[in-house]
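Residues per chain, in single letters:
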Amino acid sequence: MMDRRNALAGMVALFGAQVFAPLARAAGLAPAGAIPVIDQGVPSLQVFTPYQRALMTVLCERIIPTTDTPGAIAAGVPMYVEKLLADWAVAEDREPILSGLAEIDARSWQDYRLPAVKAKPEQQDALLTLAMNDELPDGEEFFKAFRQMVVVGYYTSEIGITQEREYLPVPGEYNGAFPYSQVNKVYSA
């Protein structure tokens, strides 16, 4: 059986010192302080307005879109992001995410004359690129934290572990001469 907590700790290690604080807390790599340990169910508080939730959801899908494997929405990443921010973040952790969503929406209105939720996927990609390149106020801080939450949420989900990657709970034998041309998927354990 897959243990999301162990998968989370492994994923967080990839980000090193740049890990978003709520991810480190949830993985048990940082002190939780007054943050409750809640692993399942609904978030302990509502982090997003309905519009912010819709925008966050479409942006999650732009970070990991549906291709030949399910994307972020199918993997439940938007719910994961909200739960992480509700149960493992303090107010200061939520601020760059909330302000980043507001900046992306404002820029969408400026550039496309429509809300970011209704923008075309290519336009949403352009808005995320502006944030990534720090061309929006605090855009880079938003993008780094948001992308980390989406990537970790996806690759610690059942879909991310079993469909995007090949899940091997107990690794097989070592074969140092395995032909690289026969590698199909990255394995996770």
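Description of the structure in this document. (Residues numbered from 1 in each chain as written. Predicted model: local features only at pLDDT ≥ 70, side-chain atom pairs only at ≥ 80, totals over all residues. Heavy atoms only, no water.)

Below, the discussion takes up a negative patch on the surface. Together, E95, D134, E135, D138 and E141 give the surface a local cluster of negative charge. Structurally, E135 can be placed in the loop between α6 (121-132) and α7 (139-155). Using a relative accessible area of 48% as the deciding quantity, one classes E135 as partly exposed. (Patch = residues over 30% accessible without salt bridge, like charges linked within 9 Å, V, L, I, M, F, W, Y side chains within 5 Å. Areas by Shrake-Rupley, 256 points an atom, 1.4 Å probe, with all protein chains shown as cover. Salt bridge = Lys/Arg side-chain N within 4 Å of Asp/Glu carboxyl O. Lys, Arg positive; Asp, Glu negative; His and termini not counted. Charge placed at Lys NZ, Arg CZ, Asp CG, Glu CD. Helix = DSSP H or I, 4+ residues; strand = E, 2+ residues; numbered from the N terminus. Buried < 20%, exposed > 50% of the residue type's maximum accessible area, 1.4 Å probe, protein only.)

Counting buried positions over the 11 residues of helix α4 (residues 77-87) gives 10, a clear majority of the element. Along α4, the residues classified as buried are V77, P78, Y80, V81, E82, K83, L84, L85, A86 and D87.

With that out of the way, let us pick up the pattern of salt bridges. Enumeration over the complete set of coordinates arrives at five salt bridges. Here E82 makes a salt bridge to R53, at a shortest N to O gap of 2.7 Å. Of this pair, E82 sits in helix α4 while R53 sits in helix α3 (residues 50-63), and the two are 29 residues apart along the sequence. Two residues, K144 and E140, come together in a salt bridge whose shortest N-O distance is 3.7 Å.

In this section: the packing of α3 against α4. Where α3 contacts α4, the two axes come as close as 9 Å, and the packing angle between them is 125°. Considering their axes alone, α3 and α4 lie oblique with respect to each other. Viewed along their axes, α3 and α4 form a crossing whose handedness is right-handed. Contacts between α3 and α4 involve R53, M56, T57 and C60 on the former and, on the latter, V77, P78, V81 and E82. Of the residues that constitute the contact of α3 with α4, the class distribution is five nonpolar, one polar and two charged. (Axes fitted to C-alpha atoms, helices over the stretch in contact; angles between N-to-C directions. Parallel < 35°, antiparallel > 145°, perpendicular 65-115°, else oblique. Left-handed = near helix turned anticlockwise from the far one by under 90°. Contact = heavy atoms within 4.5 Å. Nonpolar A, V, L, I, M, F, W, Y, C, P; charged D, E, K, R; others polar.)

As a further point, take unusual backbone geometry. Residue R113 is not a glycine yet carries a positive backbone phi of 60°. Within the secondary structure, R113 is located in the loop between α5 (91-112) and α6. Although it is not a glycine, D138 sits at a positive phi angle of roughly 55°. Tracing the backbone through its elements, the reader meets D138 in the loop between α6 and α7.

What follows deals with the packing of α4 against α7. Interaxial distance between α4 and α7 falls to 9 Å at its minimum, and their mutual angle equals 120°. Regarding the angle of α4 to α7, the classification is oblique. For the crossing formed where α4 meets α7, the hand is right-handed. Two secondary-structure elements touch here, α4 through V77, Y80, V81, L84 and L85 and α7 through M149, V150, V152, G153 and Y154. Partitioning the contact of α4 with α7 into residue classes produces nine nonpolar, one polar and no charged.

The next thing to look at is a nonpolar patch on the surface. Taken together, the side chains of F178, Y180 and V183 make up a nonpolar region of the molecular surface, amounting to roughly 360 Å² of accessible area. A relative accessible area of 40% places V183 in the partly exposed class.

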